[in-house]
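Chains, contacts and geometry: an overview
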Amino acid sequence: MTSSDRLVLRRPDDWHVHLRDGAMLKAVLPATARTFARAIVMPNLRPPVTSVDEAVAYRARILAALPEGVSFQPLMTAYLTDAIDPGELDRGFREGVFSAAKLYPANATTNSAAGVSDLYNISAVLECMEAIDMPLLIHGEVTDPDVDVFDREAQFIERHLKPLRERHPRLRIILEHITTEEAVIYIRESYQGGDQRIAATITPHHLHLNRNAMFLGGLRSDFYCLPVVKRECHRRALVQAATSGLPCFFLGTDSAPHPRSGKDSACGCAGIFNAFHALESYATVFEQEGALDRLESFASEYGPHFYGLPLNADTVTLVRRDQPIPSRLLPPQSARVGDDTLPESEWPLLFHAGETLAWCVEINGHSGPN
Ligand code: DOR
Ligand code: ZN
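Definitions and cut-offs
- Residues numbered from 1 in each chain as written.
- Chains lettered and ligands numbered in written order.
- Predicted model: local features only at pLDDT ≥ 70, side-chain atom pairs only at ≥ 80, totals over all residues.
- Heavy atoms only, no water.
- Helix = DSSP H or I, 4+ residues; strand = E, 2+ residues; numbered from the N terminus.
- Rg over C-alpha atoms; globule rule 2.2 N^0.38 Å.
- Buried < 20%, exposed > 50% of the residue type's maximum accessible area, 1.4 Å probe, protein only.
- Contact = heavy atoms within 4.5 Å.
- Areas by Shrake-Rupley, 256 points an atom, 1.4 Å probe, with all protein chains shown as cover.
- Near = heavy atom within 4 Å.
- Polar contact = N/O pair within 3.5 Å; in protein donor to acceptor, adjacent residues only side chain to side chain.
- Nonpolar A, V, L, I, M, F, W, Y, C, P; charged D, E, K, R; others polar.
- Pairing = 2+ DSSP bridges.
- Axes fitted to C-alpha atoms, helices over the stretch in contact; angles between N-to-C directions.
- Salt bridge = Lys/Arg side-chain N within 4 Å of Asp/Glu carboxyl O.
- Core = buried A, V, L, I, M, F, W, Y, C linked by side-chain atoms within 4.5 Å.
- Expected span 1.5 Å × (residues − 1).
- Arc of directions from axis to C-beta.
- Phe/Tyr/Trp six-rings, centres within 6.5 Å; stacked < 30°, edge-to-face > 60°.
- Lys NZ or Arg CZ within 6 Å of the ring centre and 35° of its normal.

Examining the overall build of the protein
Counting secondary structure elements, the protein contains 11 helices and 12 strands. A compact globule built from 370 residues would reach a C-alpha radius of gyration of about 21 Å, and the protein, at 19 Å, matches this within 12%. Counting only C-alpha atoms and orienting by the principal axes, one finds that the protein spans roughly 55 × 45 × 45 Å. Taken over 370 residues, the protein has a buried fraction of 59%. A fraction of 77% describes how many contacts in the protein between residues 6 or more apart in sequence connect residues 24 or more apart. Accessible surface for the protein amounts to roughly 14700 Å². Of this, 49% is attributable to carbon and sulfur atoms.

Here we look at the site of ligand 1
Neighbouring ligand 1 are 13 residues, the closest being R20, N44, T109, L226 and H258. One of the side-chain nitrogen or oxygen atoms of H18 is found 3.3 Å away from an oxygen atom of ligand 1. In the environment of ligand 1, a nitrogen atom lies 3.0 Å from a nitrogen or oxygen atom belonging to the backbone of A270. Within the complex, 99% of the 280 Å² of free accessible area of ligand 1 lies under protein. Looking at side-chain class alone, the shell around ligand 1 contains 4 nonpolar, 7 polar and 2 charged residues.

Description of the sheet that holds strand 7 (residues 173–175)
Here we have 8 strands laid out as an open sheet, ordered 2-3-4-5-6-7-8-9, and parallel in their pairing. Every other strand in the sheet has two partners, leaving strand 2 (14–17) and strand 9 (249–251) as the edge strands with one partner each. Across the sheet, the axes of successive neighbouring strands diverge by a mean angle of 30 degrees, strand direction being ignored. In this structure, strand 5 (residues 98–103) lies alongside strand 6 (residues 136–138), joined through 3 bridges in parallel fashion. Along strand 6, the bridge assignment pairs A101 with L136.

What about the pattern of salt bridges?
On inspection of all chains with the given rule, the structure shows 20 salt bridges. The salt bridge involving E289 is made with R236; its shortest N-O contact spans 3.2 Å. Of this pair, E289 sits in the loop between helix 10 (278–288) and helix 11 (295–307) while R236 sits in helix 8 (residues 232–242), placing them 53 residues apart in sequence. The residue D264 makes a salt bridge to R260 at a minimum N-O spacing of 2.8 Å. Several salt bridges converge on common partners, so that one network encompasses D5, E287 and R320.

Here we look at the nonpolar core
By size, the foremost hydrophobic cluster in this structure holds 83 residues, and its most contacted members are L80, L89, L136, L161 and F249. Sequence-distant contacts of L80, that is, excluding residues within four places in its chain, are made with L89, A101, K102, L103, A114, G115, V116, I122, V125 and L136.

A closer look at helix 6 (residues 181–192)
End to end, helix 6 covers 16 Å across 12 residues, agreeing with the expected 16 Å (1.5 Å per residue, within 8%). Within helix 6 the residues assigned to the buried category are A183, V184, Y186, I187, S190 and Y191. Down the axis, helix 6 shows its buried residues gathered within 165 degrees of arc, on one side only. Across from the buried face of helix 6, at angles greater than 90 degrees, the exposed residues are E189 and Q192. Check the buried side of helix 6 and you find it contacts helix 5 (152–167), strand 7, strand 8 (198–202), helix 8 and strand 9. Looking one or two places after helix 6, you find G194, whose phi comes out positive at around 100 degrees.

Things to note about the environment of G303
By the secondary structure assignment, G303 is in helix 11. The residues contacting G303, other than those within four sequence positions of it, are W15 and F250.

Re the packing of aromatic side chains
Following the criterion strictly, the structure yields 7 aromatic pairs and no others. Consider the rings of F273 and F276, whose centres lie 5.6 Å apart with planes at 80 degrees: the pair is edge-to-face. Judged by relative accessible area, which is 4%, F276 ranks as buried. An angle of 75 degrees between the planes, with centres 6.4 Å apart, marks the rings of F306 and Y307 as edge-to-face. Its relative accessible area of 10% is what places F306 among the buried residues. Three or more aromatic residues joined by ring pairs form one cluster here, namely W15, F250, F306 and Y307. Between the NZ or CZ atom of R211 and the centre of the ring of F150, over which it lies, the distance is 4.6 Å.

The structure is reproduced here in structure tokens:
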């Protein structure tokens, strides 16, 4: 095995993940915690995480669901509503409970009904966040039903993000899971113009898929997520951004598991479950672009820099070895005991199911996610 067949990386973090709660949390958390040292945990539970106490309790449930011996730090976020109290955010941020706050435009996506209906309703909140330098994480899509679903991100940038940044120039913003060339250009030009207060996360699925995937041989809810995957030219723009070496683009998987019944439905849920092989999935794209030497900074350095957090000291190893991806993985033993377990029939399909990835993550000499 040559050195190009083994890649030792500083341990990465996932800057955007849905860990869910209850049985699903127990089932999916080991996948994230195995590879990633920290993760920004989305607050769109039912009901959403809107207070410091709820975030503390959710964090405790995550830590309780961790497999023994695994080190993992959940970084909690607050779910912004029209009525959220700036004082609550301020306290949560100062106490080290909240790492950021998440803006879901009301009804933009899964569990976002309690989100923000008009950005002007949270002006005082945004001013407070600006003052304490608390990052704002944005689901960047307009919800106007007259706007074509494929144009909603680009429209959000024009209608909401640009004016928002004029009103709150010191606010630090991450545009989450970007999907379009327009978003890539906006973030890149901001960065290159000397503005380091905005960045974007990029998911593995938006690097691999274009919108044809959703219609391959029928209607495929397994490839449906929000923002929805776009045309090939947008996928290419995302690949170039991720592999560009620019610090304004970094890893955020947006791994979003749904029970099988939520996908196998006439109205399939939005979300792709990629946590089990996320790093291998990114590595595949970086290798195709001849940019494996840039994977570490994308996965393990630019995120902590943006959040002002230290880099992880430990490492993970990517080994070049064919890895056939099954449809589902059996829940780890820890998720199969007790009442709170996910029936096997409800296990979410894995991203890349049926494909063979050329890399395996090895932790302390062990490969495979279980
Ligand atoms: O595809 C998605 N799934 N996009 C989101 O914004 C939310 C997420 C979820 O929570 O399922
Ligand atoms: Zn998400």
